[in-house]
Amino acid sequence: MVKVAVLGAAGGIGQPLSLLLKLNPQVDELALFDVVNVPGVGADLSHINSDSKTESFLPADREDKTALAKALTGADVVIIPAGVPRKPGMTRDDLFNINASIVRGLAEGIAENCPKAFSLIISNPVNSTVPIVVETLKQKGVYDPKRVFGVTTLDIVRANTFIAQLYPEETKPTDFNVNVIGGHSGETIVPLYSVGKTADYYKKLSEEQQKALIKRVQFGGDEVVQAKNGAGSATLSMAYAGYRLAESILKAVKGESGIVECTFLNLDSGIKGAAEAKKLVNGLDYFSLPVELSKEGIHEVKYDILDKISTDEKALLKVAIEQLEKNVEKGVAFANK
Ligand code: NAD
Ligand code: LMR
């Protein structure tokens, strides 16, 4: 029996993400939690004739912790898209004041009700909310580094799409799986086009085109925020991306081997390859890198990719590291104050 809980299930990401999960035959129970509108979303999804059971959980008031406890009890995977999205002119860090408290409250719920679940954090700013979850789980004595994932998959999805758009005659987006490392905001996002299948296509671009492509991946979120013009940020592409990571984890849990995904993780963690990775990123405790998944979660950090990158990518990495350090510190300080 596999139970997946979505926290923030009535939101722009939560609804399509829950729909995708409802269609996955590996999910037996889908628990939807939100502070508004979730009974309607649950009733709607529950009419779909897939085999999983859908239940929705709405707290009676701000003090009510029982709804969250019920949603989380027995959960194997918890996905968190709860929190406010950006409006034009805002950075992801501008969301910190509201989303940090939301995420900490939900992480406490995970610690108390399903400490062994895989936690996938979508809420922004990811560079800070992941450290908040980690610190909260540590405080409760239930932290397992293999089980906490910062969701950066949308950056990979965008990197694949954007390079394919430059070669419409020769390539399709599904031809690629670009490693995007670092963090999830602006210049902390570092797509590694010079490694793997994209290398030859990337090389053929002019320097100007290369720079524009990197910038488009780094600021892809802004493209959507501006197009939505005050009505939020990426939701459908994010639901797809979050689902992709969840699906990969579910496949690994079922015993499939060799599955690799990029995720923002704690490198100060004893996971195979994490200490080596940490040295290569200037001692940072958190970074997004490709990881191999297993039944237990993150099995191994594929740090060797850092040896293969170009000089230009090394320069991007330097900028990313400087910015990430502050974002991570902010999350850790918030959780421990
Ligand atoms: P949204 O406002 O449409 O939905 C958020 C939902 O969270 C709402 O339904 C709200 O009621 C709910 N919520 C608020 N507080 C809650 C709590 N304490 N418990 C449970 N639910 C709660 O926003 P959205 O567009 O779905 O975006 C959600 C978050 O995801 C934002 O922070 C956004 O920046 C982030 N995001 C991250 C990525 C990424 O790549 N990691 C991509 C897109 C968006
Ligand atoms: C994204 O990359 O689309 C998300 O992080 C949402 C945002 O604020 O841009």
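Residues numbered from 1 in each chain as written. Chains lettered and ligands numbered in written order. Predicted model: local features only at pLDDT ≥ 70, side-chain atom pairs only at ≥ 80, totals over all residues. Heavy atoms only, no water.

Below, the discussion takes up the packing of helix H4 (residues 96-113) against helix H12 (residues 311-336). With their axes 11 Å apart at the nearest point, H4 and H12 run at an angle of 55° to one another. Considered as vectors, H4 and H12 are oriented oblique to each other. Viewed along their axes, H4 and H12 form a crossing whose handedness is right-handed. Counting all contacts with H4, which are made through Phe-96, Ala-100, Ser-101 and Arg-104, the residues of H12 involved are Lys-330, Gly-331, Phe-334 and Ala-335. (Axes fitted to C-alpha atoms, helices over the stretch in contact; angles between N-to-C directions. Helix = DSSP H or I, 4+ residues; strand = E, 2+ residues; numbered from the N terminus. Parallel < 35°, antiparallel > 145°, perpendicular 65-115°, else oblique. Left-handed = near helix turned anticlockwise from the far one by under 90°. Contact = heavy atoms within 4.5 Å.)

Neighbouring residues of ligand 1: 29 residues in total, closest Gly-12, Ile-13, Asp-34, Val-84 and Asn-124. Contacts to ligand 1 include Gly-11, whose backbone N or O atom sits 3.3 Å from an oxygen atom. A distance of 3.1 Å separates an oxygen atom of ligand 1 from a polar atom in the side chain of Asn-99. Surface burial for ligand 1 is 86%, taken as the share of its 870 Å² of free accessible area covered by protein chains. If you tally residues by element for the shell around ligand 1, the top one is H4, at 3 residues. The class makeup of the residues in the shell around ligand 1 is 18 nonpolar, 10 polar and 1 charged. (Near = heavy atom within 4 Å. Polar contact = N/O pair within 3.5 Å; in protein donor to acceptor, adjacent residues only side chain to side chain. Areas by Shrake-Rupley, 256 points an atom, 1.4 Å probe, with all protein chains shown as cover. Nonpolar A, V, L, I, M, F, W, Y, C, P; charged D, E, K, R; others polar.)

The subject of this paragraph is the nonpolar core. In terms of nonpolar packing, the biggest core is built from 93 residues, with Val-78, Leu-120 and Phe-287 touching the most fellow members. No other element matches the 9 residues that helix H10 (residues 236-253) contributes to this core. Counting contributing residues per domain, this core is built from domain 1 (3-150) and domain 2 (152-337), each supplying no fewer than three. The contact partners of Val-78, leaving out residues within four places of it in the chain, are Ala-5, Leu-7, Leu-72, Ile-110, Cys-114, Ala-117, Phe-118, Ser-119 and Leu-120. Counting 17 residues, the second largest nonpolar core, distinct from the first, contains Phe-162, Ala-164, Val-180 and Leu-205. (Core = buried A, V, L, I, M, F, W, Y, C linked by side-chain atoms within 4.5 Å. Buried < 20%, exposed > 50% of the residue type's maximum accessible area, 1.4 Å probe, protein only. Domains from an automatic or database assignment.)

According to the domain assignment, the protein consists of domain 1 (3-150) and domain 2 (152-337). Each of domain 1 and domain 2 was reduced to a C-alpha centroid, and the two centroids are 22 Å apart. In this assembly, domain 1 packs against domain 2 so that about 4000 Å² is buried in total across both faces, 64% of it on carbon and sulfur atoms. Considering only the side of domain 1, the residues that lose the most area to domain 2 are Gln-26, Arg-92 and Asn-127, jointly responsible for 17% of the buried surface there. Where domain 1 packs against domain 2, one counts 3 salt bridges. Linking Arg-86 and Asp-222 is a salt bridge whose minimum nitrogen-to-oxygen distance equals 2.9 Å. On inspection of domain 1 and its partner domain 2, the count reaches 19 residue pairs in polar contact (both at pLDDT 80 or more). Looking at the side of domain 1 that touches domain 2, the elements that each hand over two or more residues are helix H1 (14-22), strand S4 (77-80), H4, strand S5 (118-121), helix H5 (126-139) and strand S6 (148-150). Among the elements that take part in the side of domain 1 that touches domain 2, H5 stands out by supplying 9 residues, more than any other. Of the residues in the side of domain 1 that touches domain 2, the class split is 24 nonpolar, 9 polar and 8 charged. (Buried area = accessible area lost by both parts, 1.4 Å probe. Salt bridge = Lys/Arg side-chain N within 4 Å of Asp/Glu carboxyl O.)

Going through the model one piece at a time under the given rule, you end up with 6 aromatic pairs. On the numbers, 6.4 Å between centres and 65° between planes, the contact of Phe-118 with Phe-149 is edge-to-face. Of this pair, Phe-118 sits in strand S5 while Phe-149 sits in strand S6, placing them 31 residues apart in sequence. With respect to burial, Phe-118 and Phe-149 carry one shared label: buried. Taking the centre distance of 5.4 Å and the plane angle of 20° together, the rings of Tyr-193 and Tyr-202 count as stacked. The class of Tyr-193 is buried, set by a relative accessible area of 0%. Members of the aromatic cluster, each reached through a chain of ring pairs, are Tyr-167, Phe-176 and Tyr-201. Sitting above the plane of the Phe-219 ring, Lys-215 keeps its charged end 5.9 Å from the centroid. Note that Lys-330 overlies the ring of Phe-96, its terminal NZ or CZ placed 4.8 Å from the centroid. (Phe/Tyr/Trp six-rings, centres within 6.5 Å; stacked < 30°, edge-to-face > 60°. Lys NZ or Arg CZ within 6 Å of the ring centre and 35° of its normal.)

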